[in-house]
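As a plain string of letters, each chain reads:
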Amino acid sequence: MNILIYRYNSICEDAVIRGLKELGHTVYEVVLEVENKSPSGQEILDAVVMGMEKSNADIIFSINYYPALSEIARVYKLLHYSWIVDAPVLELYSKTIKNRCNRLFIFDSELYREISVYNPYNIFYLPLAADCDFYQNAIRNASLSDVEKYTHNISFVGSLYTEKCPYDKVKNLSPKISGYLHGIMKAQEKIYGYYFVEELLSDELVDEFVKNYDGYYLAGEEDLLTKKRTLAQFYIGNKITAMERVDTFKYLSEKFEVDIYTASDTKEIPKLKNHGTIMTHTQMPIVFNKSTINLNPTSKPIRSGIPLRIFDLLACEGFVLCNYQSDLLNEFLQGEELDVYSSIEELEEKIRYYLSHTDVCREIAHNGYEKVSKRHTYPLRLEQMFRLGEHRRR
């Protein structure tokens, strides 16, 4: 097939393109949004239509969902394949989600169950994938000095979400509502496998929050996104993630030496060893491979899914210790291919065990790598995607 891929520089786009080419497809890239993060609708239309003419495209492909691409595909009688790799993706609640040209693939089974009712024949559950060859090549090419530099007992690569937490911009909430929301967030922080926030938000509370938030994200008139859902998933979900990561690393850094690579401000966690940012495709794989334990506290808006970071870790043959996610145990064996925790106390207990049983870590990491290299590569996953989408309604 001739595939036009609309890019915005997602971490997995290069792996998707390599996978598509390995399957024999011809790929044409539209990179408008790589250079301009806020293109107008007309600019997107012009760039995509020009790309369609040059490539004679059979389908339009994107990482995450673009209502504009769906509309272009509908008008030009093409298919729009989109693979959801993040959460929350508020564009999923656009009215365009019902377009029959869509072939939408969602990595989180809970989100899939919620969204699929709007277009049940054309929305699918599909986990993410691992780019084993690419990451293993980076590890093989690592210098001795890099291996020494990036070898740690306990590590984490990623954001603490403190610098990208839109919840913090709300002003003048009443003490009652502020206290109630804080209580909900502290409770949800400790619960894995069930996201209950939206159920506990009254319409009155949501209206109060919106009234006190300058620039609150509002959906289009005919879209499916409610103010309550936006508050629960986007504002509160990201805030809980920030709270959980700060609390987790404060707790652990008092008991262990923890190395973190992040642009987030960690001054409030003085015992945490923050090395700043690293190169995603060259340095990060070495950290993953050479760390005894790689921590992965999942972003709270990912309700049940396996985040992309876990596939990246396993592709690097890194040992993964992550919070419980229900989809995780459908694909991987706990204690054999990775391990999970359900509380901060259990996390501490497992860290102590694995630091004194590093041979077990390496065995589990190897098993996890073997699993993803055989069953979760991008070419395999893309083949599954096209098989699922091939005979659905247009």
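The structure presented is a predicted model; accordingly, all values stated were derived computationally and were not measured.

*Asks:* Before we go on, may I ask you to explain the packing of aromatic side chains in this structure?
*Replies:* For any pair of aromatic rings, the description rests on two quantities: the centre-to-centre distance and the angle between the ring planes. Inspection of the entire model under this criterion finds 22 aromatic pairs. Note on Phe234 and Tyr235: the rings are 4.8 Å apart at their centroids and 75° apart in plane angle, and the pair reads as edge-to-face. The exposure class of Phe234 is partly exposed, given its relative accessible area of 25%. A relative accessible area of 2% means that Tyr235 is categorised as buried. Above the ring of Tyr161, the side-chain terminus of Lys164 is found at 4.6 Å from the ring centroid. The ring of Tyr251 has Lys255 lying over it, and the distance from NZ or CZ to the ring centre is 4.9 Å.

*Asks:* Before we go on, may I ask you to explain the sheet that holds strand 2 (residues 26–30) in this structure?
*Replies:* Sheet strands pair via backbone hydrogen bonds, and the direction of the pair is either parallel or antiparallel. Spatially, 2-1-3-4-5-6 is the arrangement adopted by the six strands of the open sheet, whose pairing is parallel. Of all the strands in the sheet, just strand 2 and strand 6 (123–125) have a single pairing partner and so form its edges. Strand-to-strand, the axes of this sheet are offset by a mean angle of 20°, without reference to chain direction. Of the strand pairs in this sheet, strand 3 (residues 59–63) and strand 4 (residues 79–84) are connected by five bridges, and their pairing is parallel. What sits directly across from Phe61, in strand 4, is Tyr81. Helix-sheet contacts for helix 3 (residues 41–55) involve strand 1 (2–6), strand 2 and strand 3, and the interaxial angle to strand 1 is about 160°. Strands strand 1, strand 3, strand 4, strand 5 (102–106) and strand 6 of the sheet are contacted by helix 16 (residues 378–390), whose axis makes an angle of about 135° with strand 4.

*Asks:* Looking at this model, I keep getting lost on helix 15 (residues 358–375). Mind explaining?
*Replies:* The terminal C-alpha atoms of helix 15, which comprises 18 residues, lie 26 Å apart, in line with the 26 Å expected from a rise of 1.5 Å per residue. What helix 15 keeps buried is the set Cys361, Ile364, Ala365, Gly368, Tyr369, Lys371 and Val372. One face of helix 15 carries all of its buried residues, which in axial projection span an arc of 160°. Those residues of helix 15 that are exposed and angled more than 90 degrees off the buried face are Asp359, Glu363 and Lys374. Those residues of helix 15 that are buried lie in contact with helix 6 (132–140), helix 12 (308–315), helix 13 (328–331) and helix 14 (344–355).

What counts as what
- Residues numbered from 1 in each chain as written.
- Predicted model: local features only at pLDDT ≥ 70, side-chain atom pairs only at ≥ 80, totals over all residues.
- Heavy atoms only, no water.
- Phe/Tyr/Trp six-rings, centres within 6.5 Å; stacked < 30°, edge-to-face > 60°.
- Buried < 20%, exposed > 50% of the residue type's maximum accessible area, 1.4 Å probe, protein only.
- Lys NZ or Arg CZ within 6 Å of the ring centre and 35° of its normal.
- Pairing = 2+ DSSP bridges.
- Helix = DSSP H or I, 4+ residues; strand = E, 2+ residues; numbered from the N terminus.
- Axes fitted to C-alpha atoms, helices over the stretch in contact; angles between N-to-C directions.
- Contact = heavy atoms within 4.5 Å.
- Expected span 1.5 Å × (residues − 1).
- Arc of directions from axis to C-beta.

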